[in-house]
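Commentary on secondary and tertiary structure
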Protein chains: 2
Amino acid sequence: MDSTITRRTERLADALRRLARREARGHIAKLLARLRPGDVAFLFRSFTVAESRYIFSILSADFPEAAGEVLTDLDAAQRMSLLEHLQPEEIGHILQQASVDDAVSIVDSLPEEQREPVLALVDLHRDLDEVQTQLAYEDDTAGRIMDPEFFALPESTTVHEATETIRRQDDIGMILYLYVVNDEGQLIGVTSLRQLLLASPETSLGELAQRDLIQVHTSTDQEEVAELAARYDLLAIPVTDEDRRLVGIVTVDDIVDVVTDEATEDFYKMVGTSDDELLYESRSARVAGIRLPWLLVNLVGLLVTGYLLERYQSQFDKALYLLFFVPVIMGMGGNSGAQTSTITVRGLATGRIMVVRGRIWKYLFQQAKVGLVIGLALGAVVFLIAMVKESDPTYAAVVAFALLFAVTLAALSGAVIPILFQRLGVDPAVASGPLVTTSSDILGILVYFALAGLMFKYLIP
Amino acid sequence: MDSTITRRTERLADALRRLARREARGHIAKLLARLRPGDVAFLFRSFTVAESRYIFSILSADFPEAAGEVLTDLDAAQRMSLLEHLQPEEIGHILQQASVDDAVSIVDSLPEEQREPVLALVDLHRDLDEVQTQLAYEDDTAGRIMDPEFFALPESTTVHEATETIRRQDDIGMILYLYVVNDEGQLIGVTSLRQLLLASPETSLGELAQRDLIQVHTSTDQEEVAELAARYDLLAIPVTDEDRRLVGIVTVDDIVDVVTDEATEDFYKMVGTSDDELLYESRSARVAGIRLPWLLVNLVGLLVTGYLLERYQSQFDKALYLLFFVPVIMGMGGNSGAQTSTITVRGLATGRIMVVRGRIWKYLFQQAKVGLVIGLALGAVVFLIAMVKESDPTYAAVVAFALLFAVTLAALSGAVIPILFQRLGVDPAVASGPLVTTSSDILGILVYFALAGLMFKYLIP
């Protein structure tokens, strides 16, 4: 089935591309009419900028509602590149037809300077109060990602009345949970369509509702919403405001996006950049500007290492062969530290590693043990290589011990540093990388030269 | 609300820990009775091994059904550490009460040697055909993660009969979609409870059903299932076998887990290890064994770099100061390559980067441009540092150009190498790291010495 779907989308992408080249507007519109918005967004991934602009112009003219959904489903960069190209009037036309949550995410991704003119225009067509209210919530909160178009009924409603209401309304989407509110609009409980079927028609929703329910506040971080949904296997979580009024729901399909985006963000952070890159994909200087600070921090560490090399250069004069293992001592510490710090940062993000007494010490101890085993193994390998090279056991032992030390220390600091940052309230994903690498580079080289110094002093006079 | 939930779980964890220390079995059972399985699993994260074993023994004796759900919700390592401690009889007792999909995931996480005795025992209590059928599907496929307990009705059923059936059955969970099958059990369409409410009682489900629906095969990769759910905003996807019979559904709450796990797997792979580590957390040698191969591949690259340093050592005799920038040339290439390769690997995993002609060249060109801008910026910084250090513009230019080259090349190879691996069918997350770092180390040093050689030959004779 699935490969059928994949093959079908590939064929469609080819067809659309060919039609776009021929500027066959009518044919494209006919094809678009038969597709789901999710498919269209997926197809856009394989289009060039020119192709997507042309096809999107047809979509937004003929199917403005679908255009809103497609825009929401696109990657940030592609969305930006399409929006940049549109006139405020065209964006307004799309917003007018889009659902509130799609409208929020579209306005949200407009550059600051474009927002005002677009919103001014839209006001003429549609009451955008809801959109603006929602845009007032902080980024990455439940309030911002929620869908304000949910289905709730007063507690006094009877099962019979509720069923009739649902029969009459056809503009509501899928009803996952049936929320029950009091006269003030405050959330008091939840029930389901299935329970409506089971209950007698005269029962009131207030009697039927289950009152112990998981809910979040508009200011709750989206990561916490995702965590709660996963913990309780919920398909939707109701969102309430300061007055405990129900103002929206976050559905689990939005949570899938949150989980994906948060993981992507962490990948970017781990190498000292940010997913803002995605917005400015085609502006090299801006992307370079995002990546540079982290590289500069690393540069400082490497300059210190260089300073140490130069300072202890006299030892190379005595034993030129010492130079051979400098890259190994530097690099292996960094690599081993990267392993532990990546695992630790991810563990902290998923909640697998909890900064709780007892458990945290055990974790650090385990990582140190693993580092030691790796250090011993790599030390043994390098000892053999050094013996083959110089057949001098003292020299080989110096290299092996320096490596053992650098690797174990890096593995341990790869675990300690992220946990320390977490405790201090600093994002461990951002800060750990350079510190782990730099400290293991510098300490590795220091130990290497210290051991070599001792060797020259006492063993090879 | 949310922080209330968090505070409440913290208080509960403290209470349970205190009761466990006093071995207050009765009190613990009373407390557990009031908690949701998701809460219990969450609380376990903050327990030590001893605490979790004690509390779990009470849970599995008094609430075997919840015990199954808690086990499923735990991290792999914690699940293993609890299962290891249990007798086959106790595991059998839990499996007997668990839902089929929980039973599958529990048996699945047993070590090979424990599986047979447990399954043999369980057979006595409960028909485990369903569990064993499901275990026969490949890891990470729709067949393995699906829930075989879904709700489907024959196409000849009328709306009235369907409603009555739903009223009578109380062991079915939440009905997201109402699947419609023909006499052979083949999936022919889908409808919903809401449509049952809207339709006239005599309509047959066959007439009501929407026939164009997204479905997957038991062998479909779980990542593809997640992709489809996200693309079409589905809450559940039906799974069919070779004969197109409906055999299960994958619900979106399982998909959230898939997305989280796949991202975690990629984090591990990027630093040359695997999430198998999580299973063997407490066995250092085993974890070290998982991490070592990648480190050894890196070691080879670093030995080559060391060889180059030694080989061109004579240049250091002419100009000792060249040594100072060796770490910078090596490290900055590696860092800049890590940035691009991480972004590229993640982009390939999320489908943002599609290996499609036209688009892929544009991506590579953009990344090369960013690399060049970064190389120019870092080159300028290093030029100034070299000037301050030696006040020799020729030398400073050699360092700056070598760095520019190393950084640009690393940024480009960080984009090219993962894409190449993807095309060759090799997992880009696994293979890219060492190759990107090693190639940029080696080429950076080669260019550095080549430029220095030219400098000595023509400029500073």
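Only a predicted model underlies this, so the values are computations on that prediction, with no experimental measurement involved. Counting from 1, residues in each chain are numbered in the order their sequence is written. Lettering for chains starts from A, numbering for ligands starts from 1, and both go in the order in which the items are written. The predicted nature of this model means local features are confined to residues of pLDDT at least 70 and side-chain atom pairs, given and counted, to a pLDDT of 80 or more, with totals for whole chains, interfaces and linings taken over all residues. Only hydrogens and water are set aside; all other atoms, that is, all heavy atoms of the structure, feed into the side-chain values.

1. Focus: the sheet that holds strand E3 (residues 187-191) of chain A
Residues and elements named next belong to chain A.
- We call two strands paired when DSSP finds no fewer than two bridges between them. Strands are runs of DSSP state E lasting at least 2 residues, helices are runs of H or I lasting at least 4, and numbering of each runs from the N terminus. The strand order across the open sheet built from 3 strands is E1-E2-E3, with neighbouring strands paired in mixed fashion. Unpaired on one side and paired on the other, strand E1 (152-154) and E3 mark the two borders of the sheet. Here the strands of the sheet are splayed against their neighbours by 30° on average, with no regard to which way each runs.
- Relative to E3, strand E2 (residues 178-181) runs antiparallel, the two sharing 4 bridges. The residue of E3 that forms the bridge with valine 181 is leucine 187. In this description, a line fitted to the C-alpha atoms serves as the axis of each element, helices being fitted only across the stretch in contact, and the angle between N-to-C directions of two axes falls anywhere from 0 to 180 degrees.

2. Regarding the interface of chain A and chain B
- Throughout, a contact is declared for two residues whenever any of their heavy atoms are within 4.5 Å. Between chain A and chain B, the contact holds 127 residues from the first and 126 residues from the second.
- Buried area: the accessible area, evaluated with a 1.4 Å probe, that two parts lose upon being put together, summed over both parts. The largest share of the area that chain A buries against chain B comes from Arg194(A), Leu197(A) and Phe267(A), three residues that together contribute 7% of it.
- Counted as salt bridges are all cases of a side-chain nitrogen of Lys or Arg within 4 Å of a carboxyl oxygen of Asp or Glu. Counting across the interface, chain A meets chain B through 6 salt bridges.
- The salt bridge involving Lys389(A) is made with Glu310(B); its shortest N-O contact spans 2.8 Å.
- Definition of a polar contact: a pair of N or O atoms within 3.5 Å, with one able to donate and the other able to accept a hydrogen when the atoms are protein atoms, and with sequence-neighbouring residues admitted only if both atoms are side-chain atoms. In this assembly, chain A and chain B are joined by 20 residue pairs in polar contact (both at pLDDT 80 or more).

3. Things to note about the sheet that holds strand E5 (residues 236-240) of chain B
Residue and element names in this part refer to chain B.
- With mixed pairing, 3 strands are arranged side by side in an open sheet as E4-E5-E6. Either end of the sheet is taken by a strand with one partner, and the two such strands are strand E4 (216-217) and strand E6 (246-251).
- Inspection of the sheet shows E5 paired to E6 by 5 bridges, in the antiparallel sense. What sits directly across from valine 239, in E6, is glycine 248.
- Across the face of the sheet, helix H15 (residues 222-232) comes into contact with E4, E5 and E6 while running at roughly 135° to E5.

4. Re the domain arrangement of chain A
- Each domain's limits were defined by an automated method or a database of domain assignments. As far as domains go, chain A holds domain 1 (2-136), domain 2 (152-268) and domain 3 (283-459).
- One C-alpha centre belongs to domain 1 of chain A, the other to domain 2 of chain A, and the line joining them spans 29 Å.

5. Here we look at a positive patch on the surface
Residue and element names in this part refer to chain A.
- Positive charge collects at one region of the surface, where Arg7, Arg8, Arg11 and Arg34 lie side by side.
- Its place among the elements puts arginine 11 in helix H1 (residues 2-21).
- A 1.4 Å probe rolled over the protein chains alone gives each residue an accessible area, and that area as a share of the maximum for its type sets the label: buried under 20%, exposed over 50%, partly exposed in between. For arginine 11, a relative accessible area of 56% gives the class exposed. A residue counts toward a patch only above 30% relative accessible area and without a salt bridge, and it is joined to like-charged neighbours within 9 Å or, for Val, Leu, Ile, Met, Phe, Trp and Tyr, to nonpolar neighbours within 5 Å. Only the protein chains shown count as cover for residues, and the accessible areas themselves come from Shrake-Rupley with a 1.4 Å probe. We treat Lys and Arg as the positive residues and Asp and Glu as the negative residues; His and chain ends play no part in the count. Here the site of a charge means atom NZ of a Lys, CZ of an Arg, CG of an Asp or CD of a Glu.

6. Considerations on the packing of helix H5 (residues 64-73) of chain A against helix H8 (residues 100-108) of chain A
All names here are of chain A.
- Relative to each other, H5 and H8 sit at 55°, their axes nearing to 9 Å. The angle between H5 and H8 places the two elements in the oblique class. Viewed along their axes, H5 and H8 form a crossing whose handedness is left-handed. Mapping the contact onto sequence places Gly68, Glu69, Leu71 and Thr72 in H5 and Asp102, Ser105 and Ile106 in H8.
- Basically, the charged four are Asp, Glu, Lys and Arg, the nonpolar ten are Ala, Val, Leu, Ile, Met, Phe, Trp, Tyr, Cys and Pro, and anything else, Gly included, counts as polar. By residue class, the composition of the contact of H5 with H8 is 2 nonpolar, 3 polar and 2 charged. Put simply, angles under 35 degrees are roughly parallel, angles over 145 are roughly antiparallel, angles from 65 to 115 are roughly perpendicular, and the rest are oblique. Helix crossings get a hand from a simple test, with the near helix turned counterclockwise from the far one by less than a right angle marking a left-handed crossing and a clockwise turn marking a right-handed one.

7. Focus on the pattern of salt bridges
- Scanning the model with the defined rule gives 38 salt bridges over all chains in all.
- In this structure, Arg36(B) engages Asp39(B) in a salt bridge whose closest nitrogen and oxygen atoms are separated by 4.0 Å.
- Overall, the relative accessible area of 27% leaves Arg36(B) in the partly exposed class.
- Residues joined in a network through salt bridges with shared partners are Arg36(A), Asp39(A), Asp212(B), Glu227(B) and Arg231(B).

8. As for the nonpolar core
- Nonpolar cores are built from buried Ala, Val, Leu, Ile, Met, Phe, Trp, Tyr and Cys residues. Side-chain atoms within 4.5 Å join them into one set. Within the largest apolar cluster, 88 residues are counted, with the highest numbers of intra-cluster contacts made by Phe325(A) and Phe325(B).
- Beyond its immediate stretch of four places on either side in the chain, Phe325(A) contacts Val382(A), Ile385(A), Ala386(A), Tyr395(A), Val399(A), Tyr448(A) and Leu303(B).
- If you look at the next biggest cluster of nonpolar residues, it comprises 59 residues, including Val216(A), Val239(A), Val256(A) and Val181(B).

9. Points about the relation of the copies chain A and chain B
- When chain A is fitted onto chain B, the two copies agree to an RMSD of 0.1 Å after a turn of 180° and an axial shift of 0.0 Å. In the structure described here, the two chain copies are related by an operation that fits a two-fold rotation axis. Relative to the rotation axis, the C-alpha of Val256(A) is the closest in chain A, positioned 2.7 Å from it.
- With an isologous cut-off of 70% or more, the 99% of interface residues of chain A that recur at the interface of chain B puts this contact in the isologous class. Least-squares fitting of one copy onto the other uses the C-alpha atoms of those residues that reach a pLDDT of at least 70 in both copies.

10. Digging into empty space enclosed by the protein
- Cavity: a set of points on a 1 Å grid over the protein atoms alone where a 1.4 Å probe fits but cannot get out. Pocket: an open set with protein on both sides within 12 Å along at least five of seven lines, its lining residues, like those of a cavity, having an atom within 4 Å of a point. Grid points are joined across faces, edges and corners, and a volume is the space filled by probe spheres set on the points. Applying the stated criterion across every chain, the model contains 5 cavities of 30 Å³ or more.
- In this model, the largest cavity occupies a volume close to 850 Å³.
- The set of elements that each furnish at least two residues to the lining of the largest cavity consists of helix H16 (252-270), helix H17 (284-311), helix H19 (326-350) and helix H22 (428-459) of chain A together with helix H16 (252-270), helix H17 (284-311), helix H19 (326-350) and helix H22 (428-459) of chain B.
- Looking at the lining of the largest cavity, its residues break down into 16 nonpolar, 24 polar and 2 charged.

11. What about a nonpolar patch on the surface?
- On the surface, Phe405(A), Leu443(A) and Leu446(A) cluster together to form a nonpolar patch covering roughly 220 Å² of accessible area.
- Among the residues examined, Leu446(A) registers a relative accessible area of 32% and is labelled partly exposed.

12. A word on helix H3 (residues 37-44) of chain B
- When you tally the buried positions in H3(B), you get 8 out of 8 residues, the bulk of the element.
- Among all positions of H3(B), only Pro37(B), Gly38(B), Asp39(B), Val40(B), Ala41(B), Phe42(B), Leu43(B) and Phe44(B) are buried.

13. Thoughts on a negative patch on the surface
- Together, Glu65(A), Glu69(A), Asp73(A), Asp140(A), Asp221(A), Glu223(A), Asp257(A), Asp261(A) and Asp233(B) give the surface a local cluster of negative charge.
- Elements represented by at least two residues in the negative patch include exactly H5 and H16 of chain A.
- A per-element tally of the negative patch places H5(A) first, with 3 residues.
- Here Asp261(A) lies in helix H16.
- The exposure class assigned to Asp261(A) is partly exposed, which follows from its relative accessible area of 44%.

14. Re the side chain of Ser46(A)
- Along the chain, Ser46(A) falls in the loop between helix H3 (37-44) and helix H4 (49-62).
- Once residues within four sequence positions are removed from consideration, Ser46(A) is found in contact with Ala13(A), Arg17(A), Glu51(A), Met354(B), Val356(B) and Arg359(B).

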